[in-house]
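# Per-entry structural report
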Amino acid sequence: MSERETTDSERQRRRLVVKCGTNLLTGGTEQLDREVMAAIAAQVAEVRELGCEVILVTSGAIAAGRARLGSRASRPQHLTRRQVLAAVGQAQLFWYWDELLAGHGITAAQALLTRGDLTDRQGYLNARNTLLALLDLGVVPIVNENDVVSIEEIQDATIGDNDNLSAQVANLVDADLLLLLTATSGLYTADPTTDPDARLIEHVDHIGPAIEEAAAGQAGRLGTGGMATKVEAARLATQSGAHAVIADGRASGVVARAVAGESVGTHFYPTVDRLESRRRFLLSALRERGRITVDEGAMRALVRDGKSLLPAGIVSATGDFARGEVVRVETREGEHIASGTTNYAASDVERIRGMHSDRIEQVLGYDYGDEVVHRNNLVLV
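In this report, the structure presented in the accompanying data block is examined. Since the structure is predicted, the reported quantities are computational estimates derived from the model, not experimental observations. (Residues numbered from 1 in each chain as written. Predicted model: local features only at pLDDT ≥ 70, side-chain atom pairs only at ≥ 80, totals over all residues. Heavy atoms only, no water.)

## Some thoughts on unusual backbone geometry
Quick reminder of the rule: Counting from the N terminus, the helices are the DSSP runs of H or I reaching at least four residues and the strands are the DSSP runs of E reaching at least two.
You will see that Asp-174, though not glycine, has its phi angle at about 55 degrees, which is positive. Its location among the elements puts Asp-174 in the loop between α8 (162–172) and β5 (177–182).

## Quick word on the packing of helix α9 (residues 209–216) against helix α10 (residues 226–239)
Going by this rule: Every axis corresponds to a line fitted to the C-alpha atoms, with the helix fit spanning only the stretch in contact, and the corresponding angles, defined between N-to-C directions, vary from 0 to 180 degrees. Here a crossing is taken to be left-handed if its near helix is turned anticlockwise relative to the far helix by less than a right angle, and right-handed if that turn runs clockwise. We call two residues in contact when some of their heavy atoms are within 4.5 Å. In the scheme used here, Gly and all other residues not listed as nonpolar or charged are polar, with Ala, Val, Leu, Ile, Met, Phe, Trp, Tyr, Cys and Pro taken as nonpolar and Asp, Glu, Lys and Arg as charged.
For the pair α9 and α10, interaxial distance at closest approach is 7 Å and the crossing angle is 145 degrees. Where α9 crosses over α10, the two elements pack in a sense that is right-handed. Residue-level contacts link Ile-211, Glu-212 and Ala-215 of α9 to Met-227, Ala-228, Val-231 and Arg-235 of α10. Classifying every residue of the contact of α9 with α10 by side-chain character gives five nonpolar, no polar and two charged.

## Digging into the nonpolar core
For soluble globular proteins, the rule of thumb is that nonpolar side chains tend to be buried together. Which entries qualify depends on this criterion: Here, the term nonpolar core denotes a set of buried Ala, Val, Leu, Ile, Met, Phe, Trp, Tyr and Cys residues that are joined through side-chain atoms within 4.5 Å. Note on classification: 1.4 Å probe, protein chains only; a residue is buried when its accessible area is under 20% of the maximum for its type, exposed when over 50%, partly exposed between these limits.
Counting 43 residues, the largest nonpolar core has Cys-20, Trp-97, Leu-179 and Leu-181 as its most contacted members. Among the elements that line this core, the one with the most residues is helix α5 (residues 79–102), at eight residues. For Cys-20, the contacting residues outside a window of four places in its chain are Leu-25, Ile-40, Leu-56, Val-57, Thr-58, Ser-59, Trp-97 and Leu-181. Counting residues in each nonpolar core, the second largest holds 40 residues, with Leu-113, Leu-118, Met-227 and Ala-244 among its members.

## Remarks on the side chain of Ser-357
Our working definition: Side-chain atoms alone can form a polar contact between residues adjacent in sequence; in general such a contact is a pair of N or O atoms within 3.5 Å, and within protein one must be able to donate a hydrogen while the other accepts it.
Mapped onto the fold, Ser-357 is located in the loop between α14 (346–352) and α15 (360–364). With a relative accessible area of 14%, Ser-357 lands in the buried category. Here Asp-370 takes part through its backbone oxygen, which lies 2.9 Å from a polar atom of the side chain of Ser-357. Ignoring sequence-local partners within four residues, the contact set of Ser-357 consists of Leu-310, Pro-311 and Asp-370.

## Some thoughts on the sheet that holds strand β10 (residues 314–318)
Defined as follows: Strand pairing is assigned whenever DSSP detects at least two bridges linking the two strands.
Ordered in space as β10-β9-β11-β12-β13, the five strands form an open sheet in which the pairing is mixed. On the outer flanks of this sheet lie β10 and β13 (378–380), each paired with one strand and no other. Strand-to-strand twist in this sheet, taken as the mean axis angle between neighbours without regard to direction, amounts to 25 degrees. Sheet analysis places strand β11 (residues 326–330) next to strand β12 (residues 336–341), joined by five bridges and oriented antiparallel. By the bridge assignment for β12, Glu-330 is matched with His-336.

## A few points about the packing of helix α7 (residues 121–136) against α8
Formally: Between 65 and 115 degrees an angle is taken as roughly perpendicular, under 35 as roughly parallel, over 145 as roughly antiparallel, and anywhere else as oblique.
Two elements in contact, α7 and α8, have axes separated by 10 Å at closest approach and are oriented at 75 degrees. Classed by the angle they form, the pair α7 and α8 counts as roughly perpendicular. Residues Tyr-124, Ala-127, Arg-128 and Leu-131 of α7 form the contact with α8, whose own contacting residues are Val-169, Asn-171 and Leu-172. Taken together, the residues that form the contact of α7 with α8 break down as five nonpolar, one polar and one charged.

## Section: the side chain of Arg-235
Tracing the backbone shows Arg-235 in helix α10. In this structure the side chain of Arg-235 is engaged in a polar contact, spanning 2.5 Å, whose partner is the side chain of Glu-212.

## Considering the sheet that holds strand β4 (residues 140–145)
A sheet is described by the order of its strands in space; here eight strands give the open sequence β3-β4-β2-β1-β5-β7-β8-β6, paired in mixed fashion. In this open sheet, the two edge strands, each paired with only one partner strand, are β3 (108–113) and β6 (203–204). Taken together, the two bridges between strand β2 (residues 53–58) and β4 define a ladder with parallel strand orientation. Bridging across to β4, Leu-56 finds its partner in Ile-142. Sheet strands in contact with α10 are β1 (15–20), β5, β7 (243–248) and β8 (266–268), and its direction is about 155 degrees off that of β7.

## Concerning a negative patch on the surface
The criterion, for reference: Residues enter a patch when their relative accessible area is above 30% and they make no salt bridge; the linking distance is 9 Å between like charges and 5 Å between nonpolar side chains (Val, Leu, Ile, Met, Phe, Trp, Tyr). Only the protein chains shown count as cover for residues, with accessible areas throughout obtained via the Shrake-Rupley method and a probe of 1.4 Å. Whenever a carboxyl oxygen of Asp or Glu lies within 4 Å of a side-chain nitrogen of Lys or Arg, that contact is scored as a salt bridge. Working convention for charge: Lys and Arg count positive, Asp and Glu count negative, and His plus the chain ends are omitted. Note that the charge is assigned to NZ on lysines, CZ on arginines, CG on aspartates and CD on glutamates.
Taken together, Asp-358, Glu-361, Asp-367 and Asp-370 make up a surface patch of like negative charges. By the secondary structure assignment, Asp-367 is in the loop between α15 and β13. For Asp-367, a relative accessible area of 37% puts it in the partly exposed group.

Written as structure tokens, this is what we have:
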């Protein structure tokens, strides 16, 4: 075993995003397979007992809708018809997950997202804060593309599917691992259903032309993207500092084994350190829209204690930054100590600076949280 593999196997991954594809969840049929879903729910419960936080990104709404409508739901080509199936099936899909997880004493929460939610700076911040708050409460978020208003995932496109969404969610919450569960054992050198010489690719350090070519020839039956979108999702996740694994969701104990760093499926290694990736985003001068000056007590709380930035410790705010934009945090002497994404606009910060957090709603008439910059959205220099 190499030094890399030894180090990897010894490291437990504590926050993971598990994506379940349509082909896996239907078990090769035209409707959701509760036994498959139950097995995954049990594995989610198992790794949570190990101290892991789990977000589940799930496909299957259209398949569920088609089964629910029966003879009224021929396989549609018209986009609106597919959105209708997604609307009908989404409730069934979440109900299954909710019931199965509840059987293990786990509370689930539904989160329907679109790509627009994550590209808009306020939507990104809202989604991040909500998902992290759910994890803090011990809840398992069940995430799906909001197909009723977002067409990317159900079009015949390879850029807006749930594989991509899962990678964006992994980046959103700083996940340690993106686990893409499918109905195949991973990425092969060629399509294993047609090429008897196809070999499983167990480790990928770099996603180059050879990996892309191998993925292009391996498509799913009911899903929208096949292996190509899974590899693209792995690229996005590894560029954000997370590990990514494509594995057979039907394999025994696959979730716990992936968490433990065992060799399951195809393992894609991070191309950057996770903190480095977040630093690049938050410390980019081009993204900074303003400055917040803090007193000595706030400086100590941030630097020494790893706390969030509260309004009580703020001396002033400069610049015309909006909620969700990146700000530079400085001492009175102008020393740059941190950068982070603010929960409040500059005008709001000026009104609440120096105050206790319990007065925010009284002063502003609304409340986006006790913190001006939450520690999860803050990187120290």
